[in-house]
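Chain by chain, the residues:
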Amino acid sequence: MSFSSRVPTEVLNSSTSIVAYFSMEIAVRPDMPTYSGGLGVLAGDTLRSASDLGLPLAAVTLAHRQGYFKQHLDADGNQTEEAQPWSPEALCAAEDATTVVMIEGRPVTIRAWRHDMKGVTGKIVPIYFLDTDVDQNDPADRILTDRLYGGDSNYRLRQEAVLGIGGAYILRALGYEPVVYHMNEGHAALLTVALLEQQLGERGLLSATEQDYRKVHERCVFTTHTPVPAGHDRFSMEQAYRILGDERSSLLERVGGVHEGLLNMTYVALRFSRFVNGVAMQHGKVSREMFPDYAIDAITNGVHAGTWTSQPFQGLFDKHLPRWRQDNVTLRYAIDIPEVEIEQAHSQAKQTLVDAVAQRTGVRLDTETFTMGFARRAATYKRADLLFTDPQRLIEMAHKFGGMQIIYSGKAHPADDPGKAKIKHVIELAKELNSDALRIVYLENYEWELGALLTGGVDVWLNTPKRPYEASGTSGMKAALNGVPSLSILDGWWIEGWIEGVTGWAIDDHDDETGESNSLYEHLEQVVLPLYYEQPQQWRRIMRSSIALNGSFFNTQRMIEQYVLNAYFPEKRVIGAPVESLEAVMSR
Ligand SMILES: *Cc1c(COP(=O)(O)O)cnc(C)c1O
């Protein structure tokens with residue numbers, strides 16, 4: 001093996017696709033609008049690292065033919081949304097296999113489009129996009145795989161039936177016999193019901209015994225992604241019975257998938273999974289408090305290093321650390337790269353960002369001026385406006401140190417009015433505060449390419465979520481790969497990635513927003529701005545240690561290796577693996 005992977009070679013060498021990875025959204029390519037934000041980017045990065053390692057894995061998601069929306073912002077900061085249709089026909093291969101799932105009393109035919117994700121060594125992870133837009137379906141069902149997080153909760157539950165139940169059946173129809181099913185968030189939890197049906201064969205669901213249930217339990221792995229209660233999918237029992245039917249619904253009741261009178265997809269997934277994890281150490285702890293009856297582990301998220309490293313740093317790593325793409329641990333040795341080369345690579349990335357901002361907005365930012373980035377979903381807990389708690393203080397520090405530029409971006413979910421209000425607030429403040437010393441721009445339509453430009457090109461990455469609602473966060477990890485330190489609230493991944501003055505800075509914990517914004521200002525005034533403008537050599541060292549310490553760890557290669565070792569194949573064997581040929585492979 002040419003790379004230092006900790007993944008068992010038996011797993012790497014297996015030719016059968018044995019892990020089935022289910023996710024409602026996957027960011028496969030920049031030109032496929034099949035993701036909304038962090039969850040989809042994580043899924044895509046996971047698959048990219050899986051294909052780099054040659055892991056036997058196949059993924060299932062929905063086609064989302066209308067794409068996630070494109071954001072438009074008017075001069076006053078009002079968001080409007082436009083569909084972004086894409087053609088699976090143009091970017092995927094058609095599969096012949098189909099399956100039929102009863103949804104709301106109607107048979108819904110589901111077909112699949114395959115897209116192969118190719119890793120650095122040429123290995124492939126197939127991704128199946130499920131599609132209900134077929135002639136024989138009722139017009140109401142043909143649109144079920146059109147819109148990601150669109151429509152009402154009836155639409156969502158029908159989509160989850162397509163993803164979970166349809167996905168499990170179509171994998172069988174395609175010839176797969178997965179031994180591990182990984183549910184990336186609760187959206188795919190209904191796959192467990194399909195697995196139980198497959199286990200029972202001709203017998204009805206309600207004849208399931210403890211032993212049948214265990215057979216499913218032994219194959220399921222579940223990752224929960226949010227400590228925000230509204231982030232956990234819930235449906236009324238009326239909806240469940242109407243959409244999923246009597247048998248499946250009463251089975252879900254029987255196994256404990258109903259919580260406080262509602263069908264709760266997190267509980268369904270928890271009940272059926274032998275391994276459950278949160279996405280950062282702190283999130284594991286918070287999840288154990290939310291679900292005290294379950295043993296919940298933690299595997300901290302990462303990002304795909306090759307994808308989120310800017311061109312100039314890719315060139316630098318290729319020169320100094322030639323194996324970094326196959327073996328991300330190599331990035332640890334970025335600590336030996338001369339500081340001046342780090343600085344040059346960053347300047348190039350910053351220039352690219354400044355040019356892109358000019359092209360998109362007509363505003364020409366200055367490449368020598370301290371520039372901070374803040375881009376993420378405009379959910380209220382992310383507090384995009386915390387930096388503006390005391391605008392006067394911001395203006396004063398910009399004047400005192402010789403300038404400050406702040407670049408914002410982020411979409412609010414179409415139904416999230418408070419999130420939209422946050423965007424409007426930031427845009428209004430930007431207009432009000434803009435001066436020669438303080439430049440604030442809000443870039444519309446935050447997506448993959450803009451995310452890469454921003455995390456690669458700014459000088460500091462800012463994150464100000466309300467604790468403990470940031471499960472992990474991954475944009476700061478992208479920044480670290482590009483030598484961009486974070487200034488952040490101690491939540492999610494930053495609790496683990498933070499070394500004060502070495503990889504960035506922590507905003508002190510306070511119970512009130514004023515205390516936190518005060519700490520944010522103090523850090524900027526007393527530490528960050530003086531360092532940037534007065535101690536360039538020390539600044540370059542921080543850039544370099546961000547790469548060496550955080551880039552080498554917070555990547556999806558390390559992450560998926562942890563999934564393999566702890567979740568998929570603990571002790572190098574598949575617990576209760578029902579597939580003989582696989583057992584033969586594993587015991588070699
Ligand atoms: C990385 C990324 C995210 C997730 O970043 P967070 O830090 O979790 O907000 C969301 N959207 C896009 C477009 C990204 O590239």
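Just so you know, these numbers come straight off a predicted model, no measurement behind them.

What counts and what doesn't
- Residues numbered from 1 in each chain as written.
- Predicted model: local features only at pLDDT ≥ 70, side-chain atom pairs only at ≥ 80, totals over all residues.
- Heavy atoms only, no water.
- Helix = DSSP H or I, 4+ residues; strand = E, 2+ residues; numbered from the N terminus.
- Buried < 20%, exposed > 50% of the residue type's maximum accessible area, 1.4 Å probe, protein only.
- Contact = heavy atoms within 4.5 Å.
- Areas by Shrake-Rupley, 256 points an atom, 1.4 Å probe, with all protein chains shown as cover.
- Polar contact = N/O pair within 3.5 Å; in protein donor to acceptor, adjacent residues only side chain to side chain.
- UniProt positions renumbered as here; feature names shortened; annotations may be inferred.
- Phe/Tyr/Trp six-rings, centres within 6.5 Å; stacked < 30°, edge-to-face > 60°.
- Pairing = 2+ DSSP bridges.
- Domains from an automatic or database assignment.
- Buried area = accessible area lost by both parts, 1.4 Å probe.
- Salt bridge = Lys/Arg side-chain N within 4 Å of Asp/Glu carboxyl O.
- Nonpolar A, V, L, I, M, F, W, Y, C, P; charged D, E, K, R; others polar.
- Axes fitted to C-alpha atoms, helices over the stretch in contact; angles between N-to-C directions.
- Parallel < 35°, antiparallel > 145°, perpendicular 65-115°, else oblique.
- Core = buried A, V, L, I, M, F, W, Y, C linked by side-chain atoms within 4.5 Å.
- Left-handed = near helix turned anticlockwise from the far one by under 90°.
- Near = heavy atom within 4 Å.

Participant: Hey, could you run me through the overall build of the protein chain in this one?
Facilitator: Helix and strand counts for the protein chain come out as 23 helices and 20 strands. Dimensions of the protein chain along its principal axes, counting C-alpha atoms only, are 75 × 50 × 45 Å. Residues counted as buried form 62% of the 588 residues belonging to the protein chain. By sequence separation, contacts in the protein chain at least 24 residues apart represent 70% of the contacts at least 6 residues apart. For the protein chain, the accessible surface area stands at approximately 21600 Å², while carbon and sulfur atoms represent 48% of it.

Participant: Even after reading the chapter, I still don't get the side chain of glutamate 470, so can you show me in this structure?
Facilitator: Along the chain, glutamate 470 turns up in the loop between β18 (460-463) and α18 (475-481). A polar side-chain atom of glutamate 470 sits 3.1 Å from a polar atom in the side chain of lysine 382. Apart from residues no more than four positions distant in its own chain, glutamate 470 is found in contact with Tyr381, Lys382, Asn463, Pro465, Asp491 and Gly492.

Participant: Looking at this model, I keep getting lost on the UniProt feature "modified residue: N6-(pyridoxal phosphate)lysine" (unreviewed entry) in the protein chain. Mind explaining?
Facilitator: In this numbering, the UniProt entry assigns the feature "modified residue: N6-(pyridoxal phosphate)lysine" (unreviewed entry) to Lys478. Take lysine 478: it is sitting in helix α18.

Participant: Quick question: what am I supposed to make of the environment of methionine 404 here?
Facilitator: Assignment of secondary structure puts methionine 404 in strand β16 (residues 404-409). For methionine 404, a relative accessible area of 0% translates into the label buried. Setting aside chain neighbours within four positions, we find methionine 404 in contact with Thr369, Phe370, Met372, Leu394, Met397, Ala398, Ala437, Leu438, Arg439, Leu524 and Leu529.

Participant: Where do I start with the packing of aromatic side chains in this structure?
Facilitator: What describes a pair of aromatic rings is the distance from one ring centre to the other and the angle between the planes of the rings. The final tally for this structure, using the stated rule, is 25 aromatic pairs. Residues phenylalanine 370 and tryptophan 539 carry aromatic rings whose centres are separated by 6.4 Å and whose planes lie at 85° to one another, so their mutual orientation is edge-to-face. With phenylalanine 370 in the loop between α14 (339-361) and β15 (371-375) and tryptophan 539 in helix α21 (residues 536-551), this residue pair connects regions lying 169 residues apart in the sequence. Phenylalanine 370 gets classed as buried once you look at its relative accessible area, which sits at 0%. Note on tyrosine 532 and tyrosine 533: the rings are 5.0 Å apart at their centroids and 90° apart in plane angle, and the pair reads as edge-to-face. Take tyrosine 533: its relative accessible area is 26%, and that puts it in the partly exposed class.

Participant: How should I be thinking about helix α17 (residues 448-457) in this particular structure?
Facilitator: Given 3.6 residues to a turn, an α-helix orients residues that are three or four positions apart in the same direction. The buried fraction of α17 amounts to seven of the ten residues, a majority that puts the element mostly inside the structure. Those residues of α17 that sit buried are Trp448, Leu450, Gly451, Leu454, Thr455, Gly456 and Gly457. Backbone nitrogen of glutamate 449 and a side-chain oxygen of the N-cap are separated by 3.1 Å at the start of α17; the cap is glutamate 447.

Participant: Would you take a moment to explain the pairing of strand β7 (residues 124-131) for this structure?
Facilitator: For a regular strand, the rule is simple: side chains alternate between the two faces of the sheet. Judged by how many residues are buried, β7 sits mostly within the fold: seven of eight residues are covered. In this sheet, β7 lies alongside strand β2 (residues 57-62) in parallel orientation, the contact comprising four bridges. Bridge assignment links threonine 61 to a residue of β7, and that residue is phenylalanine 129. The pairing of strand β6 (residues 106-118) with β7 spans eight bridges and is antiparallel. Bridge pairing in β7 links lysine 118 to isoleucine 124. Count of turn residues in the β6/β7 antiparallel hairpin: five residues, of which glycine 122 carries a positive phi of about 90°.

Participant: Explanation requested: the domain arrangement of the protein chain in the structure shown.
Facilitator: Interface size is commonly expressed as the accessible surface area that is lost when the partners come together. One can read the domain layout of the protein chain as domain 1 (15-70 + 79-296) and domain 2 (306-554). The straight-line distance from the C-alpha centre of domain 1 to that of domain 2 is 33 Å. Each partner contributes residues to the interface: domain 1 has 28 residues there, and domain 2 has 25 residues. Interface area lost by domain 1 to domain 2 is led by Pro30, Gln79 and Gln282, which between them contribute 22%. The interface formed by domain 1 and domain 2 includes one salt bridge. Two residues, glutamate 81 and lysine 420, come together in a salt bridge whose shortest N-O distance is 3.1 Å. Counting across the domain 1 and domain 2 interface gives eight residue pairs in polar contact (both at pLDDT 80 or more). At the level of elements, α2 (38-53), β4 (79-82) and α11 (281-290) are the ones that each hand at least two residues to the side of domain 1 that touches domain 2. Of the residues contributing to the side of domain 1 that touches domain 2, the split by class is 15 nonpolar, seven polar and six charged.

Participant: Mind showing me how you'd approach the packing of helix α8 (residues 237-244) against helix α9 (residues 246-254) here?
Facilitator: For any two helices packed against each other, one specifies the crossing angle of their axes together with the interaxial distance. Interhelical geometry of α8 versus α9 gives an angle of 140° and a closest axis separation of 7 Å. What the angle tells us is that α8 and α9 run oblique. Across the interface between the two elements, Met237, Ala240, Tyr241 and Leu244 of α8 pack against Asp246, Arg248, Ser249, Ser250, Leu252 and Glu253 of α9. Here the residues of the contact of α8 with α9 sort into five nonpolar, two polar and three charged.

Participant: Explain the nonpolar core here, please?
Facilitator: In globular proteins that are soluble, nonpolar side chains generally tend to be buried together. By size, the foremost hydrophobic cluster in this structure holds 70 residues, and its most contacted members are Phe370, Leu387, Met404, Tyr408 and Leu524. Of all the elements, helix α20 (residues 513-534) adds the most residues to this core, at seven residues. The contact partners of leucine 524, leaving out residues within four places of it in the chain, are Phe370, Met372, Leu387, Met397, Met404, Leu487, Leu529 and Pro530. Counting residues in each nonpolar core, the second largest holds 65 residues, with Phe69, Val108, Ile110 and Leu251 among its members.

Participant: Help me understand the packing of helix α5 (residues 153-173) against helix α6 (residues 191-200), please; the structure alone is not making it clear to me.
Facilitator: The interhelical angle for the contact between α5 and α6, taken along N-to-C directions, is 45°, at an axis separation of 6 Å. Considered as vectors, α5 and α6 are oriented oblique to each other. Crossing hand, α5 versus α6: right-handed. On α6, the residues touching Gly164, Ile165, Ala168, Tyr169 and Arg172 of α5 are Leu191, Ala194, Leu195, Glu197 and Gln198. For the contact of α5 with α6, the class distribution of residues is six nonpolar, two polar and two charged.

Participant: What is the right way to read the site of the ligand from this model?
Facilitator: Lining the immediate environment of the ligand, one finds 13 residues, of which Arg376, Gly473, Thr474, Ser475 and Lys478 sit closest. Within the backbone of threonine 474, a nitrogen or oxygen atom sits 3.1 Å from an oxygen atom of the ligand. Within the contact set of the ligand, an oxygen atom lies 2.5 Å away from a side-chain nitrogen or oxygen of lysine 478. In the complex, 94% of the free accessible area of the ligand, which totals 380 Å², lies under the protein chains. Elements represented by at least two residues in the shell around the ligand include exactly α2 and α18. By residue class, the composition of the shell around the ligand is four nonpolar, five polar and four charged. Each of domain 1 (15-70 + 79-296) and domain 2 (306-554) accounts for three or more of the residues forming the shell around the ligand.

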